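# Descriptive structure summary
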Amino acid sequence: QVQLVESGGGLVQAGDSLRLSCAASGRNIGVYTMGWFRQAPGKEREFVATITRDASRASYADTVKGRFTISRDNAKNTVYLQMNSLSPDDTAVYYCAASPLYSVGASTYNYWGQGTQVTVSS
């Protein structure tokens, strides 16, 4: 039922920061664990970050830990991904997703956005 739309992607230079947004509609995201995943061309979709329904806990992939921060504003029905110290390795399409479970596994996420492109140049 919930629809997710990502935004905020773009072209940045290595070392720059970017903030992605995921706007939800049709359902209150407060009932979902929310996550961010990313996929580079020719590669599998990989876990980036996830946050509990009440934002009491968050988990991150080792590749982004310390650089990325996931947050949510349930009143605005929006999830964010703050990305700092970006490198070319972060270049990918970033997807927002909703899950009934707190999980890092893509298979547990029932709803997905269309993705937003993040490109980091050297």
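Look a little higher up for the structure.
Below is a summary of the structure that appears in this document. (Residues numbered from 1 in each chain as written. Predicted model: local features only at pLDDT ≥ 70, side-chain atom pairs only at ≥ 80, totals over all residues. Heavy atoms only, no water.)

Here we take up the overall build of the chain. For the chain, the helix and strand inventory stands at zero helices and eleven strands. Starting at the N terminus, the α and β elements of the chain follow one another as β-β-β-β-β-β-β-β-β-β-β. Its C-alpha radius of gyration of 13 Å places the chain within 12% of the 14 Å reference for a compact globule of 122 residues. Across its three principal axes, the chain shows a C-alpha extent of roughly 40 × 25 × 25 Å. Scored against the burial criterion, the 122 residues of the chain give a buried share of 44%. Across the chain, contacts joining residues at least 24 apart in sequence account for 59% of those joining residues at least 6 apart. (Helix = DSSP H or I, 4+ residues; strand = E, 2+ residues; numbered from the N terminus. Rg over C-alpha atoms; globule rule 2.2 N^0.38 Å. Buried < 20%, exposed > 50% of the residue type's maximum accessible area, 1.4 Å probe, protein only. Contact = heavy atoms within 4.5 Å.)

Time to look at the state of the cysteines. By definition, a disulfide links two cysteine residues through a covalent bond between their sulfur atoms. All chains considered together, the criterion is met by one disulfide. For Cys22, the disulfide goes to Cys96, at an S-S distance of 2.1 Å. One quick way to see it: the torsion about the S-S bond of Cys22 and Cys96 is about -80 degrees, and its sign makes the bridge left-handed. Placement of Cys22 in strand S3 (residues 18-25) and of Cys96 in strand S9 (residues 92-99) is noted, with a sequence separation of 74 residues between them. The exposure class of Cys22 is buried, given its relative accessible area of 1%. (Disulfide = S-S within 2.5 Å.)

Time to look at the packing of aromatic side chains. For the structure on display, the rule yields five aromatic pairs. Here the aromatic rings of Phe37 and Phe47 are separated by 5.8 Å at their centres, their planes lie at 70 degrees, and the arrangement is edge-to-face. Of this pair, Phe37 sits in strand S4 (residues 33-39) while Phe47 sits in strand S5 (residues 46-51), placing them ten residues apart in sequence. When its relative accessible area of 15% is taken as the criterion, Phe47 is described as buried. Overall, Phe37 belongs to the buried group, its relative accessible area being 1%. Among the aromatic residues, those joined into a ring-pair cluster are Phe37, Phe47, Tyr109 and Trp112. Of note, Arg19 hangs over the ring of Tyr80, and the distance from its end group to the ring centre comes to 4.5 Å. Arg45 extends its terminal NZ or CZ atom over the ring of Trp112, reaching a point 4.8 Å from the ring centre. (Phe/Tyr/Trp six-rings, centres within 6.5 Å; stacked < 30°, edge-to-face > 60°. Lys NZ or Arg CZ within 6 Å of the ring centre and 35° of its normal.)

Remember that the coordinates give geometry; whether it matters functionally is a separate question.
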